[in-house]
Amino acid sequence: MDRGTAEGTLLIELGGRAIEYRFARRRRRTLGITVDAAGLRVAAPLRAPWREIEAFLRDKERWILRKLDEWARTQRGAVLHGQSGEMLPLFGAPCILEVGKGRRGVEQRDASIVVRAPQRSRPLDVLLAWLKHQALDALRPRAAHYAAQLGLPAPRVALSNARTQWGVCTEGGAIRLSWRLVHVEPALADYVVAHEVAHLVELNHSRRYWALLARLYPGWREARERLELAAATLPILRGKR
């Protein structure tokens, strides 16, 4: 890539390793780096000189390499078909599926989730509907809890099917949360809920917003990193929408 262009893929040597990264210039004031399942991404102000960009990356070398190694070790989530013996996490705890025919219903028994579906129904659809119900039952009171800390009434909470966006807060004061939060431990789901509730007051990512989030959820930085890693391991359920 020509360094004068806006976006592209570059290489840099860090710790004796050739690291590939996606680079883009944006209308922003500071340099930013992201490491996730897609690798390293770097965003720079439009006029930032290359010596500053490369110096910034070398200053963050240990962190970048550590995060890349963490993602490399992270096991990717499996596609579930709704069959007995498959595993999935429920509120952070591993559970095994037991699937059979019968009256439509789902029951949790210790470390098992028992799914019964009529002859012409897909067990995965029955399971998915139950998981969404569990998610909403768990997330609504948490949203009310964090809203109360800000002196606000309980917000309207609905679920989304988003795979890459955990939550969103609308200008009308409604919160939509990914039903996949049912898979992660409650402390991590709480971070997402607190993040969106804070947007009820500050619908932005200003300094005031981050200060408000820190009041609601002091350990948000660690939770965000843990959630990013957990997201890559979550199972993929392809039921009817």
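These numbers come from a predicted model, not from an experiment.

Draft legend 1. Representation of the overall build of the protein chain within the structure. For the protein chain, the helix and strand inventory stands at six helices and 13 strands. When burial is assessed residue by residue, the protein chain has 42% of its 241 residues classed as buried. Only carbon and sulfur atoms are counted for the fraction: they give 49% of the accessible area of the protein chain, which is about 13,700 Å². Taking the average place of the 41 positive charges on the side chains of the protein chain and the average place of its 25 negative ones, the gap between the two points comes to 5 Å.

Draft legend 2. Broad picture of the environment of Trp-179. With respect to the secondary-structure elements, Trp-179 resides in the loop between β12 (174-178) and α4 (186-198). The class of Trp-179 is buried, set by a relative accessible area of 0%. With 47 residues separating them in the primary sequence, Trp-179 and Lys-132 have C-alpha atoms 5.5 Å apart. Residues within four places of Trp-179 in sequence aside, it is in contact with Leu-128, Leu-131, Lys-132, Ala-135, Leu-159, Ser-160, Asn-161 and Leu-237.

Draft legend 3. Representation of the sheet that holds strand β8 (residues 105-109) in the model. The strand order β6-β7-β9-β8 describes an open sheet built from four strands, whose pairing is mixed. Because the sheet does not close on itself, it has two edges, and the strands there are β6 (87-90) and β8. Here the average twist between neighbouring strands, direction ignored, is 35°. As judged from the six bridges shared by strand β7 (residues 93-101) and strand β9 (residues 112-117), these two strands associate in the parallel manner. Bridging from a neighbouring strand, Leu-97 pairs with Ile-113 of β9. Seen against the sheet, helix α3 (residues 123-149) touches β6, β7, β8 and β9 and runs at an angle of roughly 125° to β9.

Draft legend 4. Looking closely at the pattern of salt bridges. Within the structure shown, the criterion is met by nine salt bridges. When the shortest N-O distance is used, the salt bridge between Arg-66 and Glu-70 registers 3.2 Å. Pair noted here: Arg-66 and Glu-70 are both in helix α2 (residues 61-73), with a separation of four residues, about one helical turn. Classification of Arg-66 by relative accessible area gives partly exposed; the value is 40%. Exposure remark for Glu-70: the relative accessible area of 17% places this residue in the buried category. Between Glu-107 and Arg-109 there is a salt bridge, with the nearest N and O atoms lying 3.2 Å from each other. Residue Arg-109 is classed as partly exposed on the basis of its relative accessible area, which comes to 43%. Among the charged side chains, a network of salt bridges with common partners joins Arg-66, Lys-67, Glu-70 and Glu-225.

What counts and how
Every chain is numbered on its own, with residues counted from 1 as its sequence reads. Two thresholds apply to this predicted model, a pLDDT of at least 70 for residue-level local features and 80 or more for giving and counting side-chain atom pairs, whereas whole-chain, interface and lining totals are computed over all residues. Computation of side-chain values: all heavy atoms of the structure, hydrogens and water removed. Secondary structure elements are taken from DSSP: a helix is a run of H or I of four residues or more, a strand is a run of E of two residues or more, and numbering for both begins at the N terminus. When accessible area is computed with a 1.4 Å probe and restricted to protein chains, residues below 20% of their type maximum are described as buried, those above 50% as exposed, and intermediate ones as partly exposed. Computed with the Shrake-Rupley method and a 1.4 Å probe, the accessible areas treat only the protein chains shown as cover for residues. For the purpose of charge, His is not counted, nor are the chain termini; Lys and Arg are scored as positive and Asp and Glu as negative. To locate a charge, take atom NZ for lysine, CZ for arginine, CG for aspartate or CD for glutamate. Residues are treated as being in contact if the distance between any of their heavy atoms lies within 4.5 Å. DSSP-based pairing: two strands are paired if at least 2 bridges between them are found. Axis definition: a line fitted to C-alpha atoms, over the contacting stretch in the case of helices. Angles run 0 to 180 degrees between N-to-C directions. Here, a salt bridge means any side-chain nitrogen of Lys or Arg that lies within 4 Å of a carboxyl oxygen of Asp or Glu.

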